[in-house]
Amino acid sequence: MARDISSVRHNRLGRIMRCLCESKSVSRDRLMSVGEYVTGRTLEKDLEYLRDTYMAEVVFNRKIKKYELKDAGVFLLNLEASKREVQALAAGLRMSAHFLPHLKKHADSLWEKLKIHIPSDLAEWGEDLARSTVIATPIEAVSADILEALIDAKHKKTAIAIEYASPNKTSEYVVSPYDIYFRGHAWYMASFSHRHGKLGTHRISRVKNVSETDEPFVRQEHEDDARNYVASAWYCSSGDGEARYHVKVRALPALAASLRGIQWHPTQQIEEEPDGSIVISADVPALEEVARWVLASAPGVRVVEPEGLAKLVRKYANCFE
């Protein structure tokens with residue numbers, strides 16, 4: 001257990017840790033400025049305090065004459081929070097434990113530490129909201145090491161080699177990760193494929209290995225278009241990212257009220273029909289996911305166009321015969 005420290009020193013240590021975390025290496029002068037130190041002796045005492053009390057592995061690299069943070073250890077928190085901020089924190093931790101299963105143990109641990117400082121009614125409110133949100137949302141588990149390696153490569157803009165197990169075969173690719181996102185019960189990565197020379201998506205649960213590569217990170221116009229590329233899908237599969245199909249589906253009155261307020265696609269348009277049904281139209285790059293969505297919504301949804309979508313629905317439906 002750490003000794004009690006003054007709020008002034010607590011805040012100063014927090015600034016030092018943020019500075020070390022945000023940079024690969026930090027000069028002594030920079031730390032002196034961030035911590036508003038008068039003497040270098042006080043800086044060294046604070047660094048020793050972080051090492052001994054909070055297990056932060058701060059080392060001085062003599063070659064470049066700068067400090068480096070090898071391991072952040074335990075972070076120091078000292079904050080004030082409003083009623084709604086506390087509720088958001090409670091709900092957010094519970095949701096993160098559900099949507100990121102590998103972090104559940106850590107989210108639960110953090111929540112137990114925070115809960116003793118929070119009025120019980122606020123804690124219960126946040127937990128109830130979280131349970132209501134995630135109770136009907138099944139999540140596909142991912143490897144913590146794989147997910148963190150992909151996120152790290154995305155932020156550091158590093159090209160990586162991945163081993164990817166698709167339903168039919170296992171392949172190796174070199175990719176430049178642009179975005180990590182969650183959709184439809186699973187985590188995905190949008191990246192630029194060095195082999196194919198274009199954007200693509202990979203289901204992270206199918207990534208079996210991540211390793212370093214000597215190839216440079218590909219910085220192209222695709223990097224800024226990654227979010228639009230992902231959004232072009234009805235759910236997850238973005239096809240080639242180009243809207244090639246204009247689809248229309250009719251939701252019958254019994255289902256229309258439930259579907260009317262949901263944004264299924266960025267390009268969607270909704271037309272109200274006299275009988276209470278609605279027609280949802282959108283421009284999508286692939287039909288397969290829309291077909292599966294129509295089947296999942298049966299018998300409350302009918303295909304209006306194109307005929308290729310109707311054929312796919314009939315094909316998938318015949319699989320049950």
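See the structure shown above.
Definitions and cut-offs
- Residues numbered from 1 in each chain as written.
- Predicted model: local features only at pLDDT ≥ 70, side-chain atom pairs only at ≥ 80, totals over all residues.
- Heavy atoms only, no water.
- Disulfide = S-S within 2.5 Å.
- Buried < 20%, exposed > 50% of the residue type's maximum accessible area, 1.4 Å probe, protein only.
- Axes fitted to C-alpha atoms, helices over the stretch in contact; angles between N-to-C directions.
- Helix = DSSP H or I, 4+ residues; strand = E, 2+ residues; numbered from the N terminus.
- Parallel < 35°, antiparallel > 145°, perpendicular 65-115°, else oblique.
- Left-handed = near helix turned anticlockwise from the far one by under 90°.
- Contact = heavy atoms within 4.5 Å.
- Nonpolar A, V, L, I, M, F, W, Y, C, P; charged D, E, K, R; others polar.
- Phe/Tyr/Trp six-rings, centres within 6.5 Å; stacked < 30°, edge-to-face > 60°.
- Lys NZ or Arg CZ within 6 Å of the ring centre and 35° of its normal.
- Pairing = 2+ DSSP bridges.

Q: Sorry, what's going on with the state of the cysteines here?
A: In this structure the tally under the stated criterion is zero disulfides. No disulfide involves Cys19; its sulfur sits 9.4 Å from that of Cys21, the nearest cysteine. A residue is classified by how much of its surface remains accessible, and Cys19, at 8% relative accessible area, is buried. A relative accessible area of 39% means that Cys21 is categorised as partly exposed.

Q: Looking at this model, I keep getting lost on the packing of helix H4 (residues 83–99) against helix H5 (residues 104–115). Mind explaining?
A: Angle between the axes and distance between the axes: these two values describe a pair of packed helices. Look at H4 against H5: their axes get within 8 Å of each other, and the N-to-C directions meet at 160°. When the interaxial angle is binned, H4 and H5 end up roughly antiparallel. As H4 packs across H5, the resulting crossing turns out to be left-handed. Here Leu89, Ala90, Leu93, Arg94, Ser96 and Ala97 of H4 lie close against H5, whose contacting residues are Lys104, Ala107, Asp108, Leu110, Trp111, Glu112 and Leu114. Each residue belonging to the contact of H4 with H5 can be placed in one class, and the counts come to eight nonpolar, one polar and four charged.

Q: In this structure, what is going on with the packing of aromatic side chains? I would like to understand it.
A: Geometry of an aromatic ring pair is reported as the spacing of the ring centres plus the angle between the planes. All chains considered together, the criterion is met by five aromatic pairs. Between Phe182 and Trp187, the aromatic rings sit 5.3 Å apart at their centres with planes inclined by 70°, giving edge-to-face as the arrangement. Taken together, the ring pairs in this structure connect Phe99, Phe182 and Trp187 into an aromatic cluster. We note Arg9 situated over the ring of Tyr49; from NZ or CZ to the ring centre the distance is 4.4 Å.

Q: Help me understand the sheet that holds strand S7 (residues 207–212), please; the structure alone is not making it clear to me.
A: By definition, the strands of a sheet pair up through backbone hydrogen bonds, in either a parallel or an antiparallel sense. Read across the open sheet, the five strands follow the order S6-S5-S4-S3-S7; overall the sheet is antiparallel. In this open sheet, the two edge strands, each paired with only one partner strand, are strand S6 (198–203) and S7. Neighbour-to-neighbour, the strand axes of the sheet open up by a mean angle of 45°, direction not taken into account. Packing against the sheet, helix H7 (residues 144–156) makes contact with strand S3 (160–165), strand S4 (170–183), strand S5 (186–193) and S7, and its axis sits at approximately 80° to S4.

Q: Just checking my understanding: could you explain the sheet that holds strand S9 (residues 269–272) for this structure?
A: Strand order in the open sheet formed by four strands is S9-S10-S8-S11, and the pairing between neighbours is antiparallel. Only two strands of the sheet have a single partner each, and these edge strands are S9 and strand S11 (301–305). Ignoring which end each strand starts from, the neighbouring axes of this sheet average 25° apart. The pairing of strand S8 (residues 245–251) with strand S10 (residues 278–284) spans seven bridges and is classified as antiparallel. Its bridge partner lying in S10, His246 is registered against Asp283. In the packing of helix H10 (residues 288–296) onto the sheet, contacts are made with S8, S10 and S11, and the angle to S11 comes to roughly 145°.

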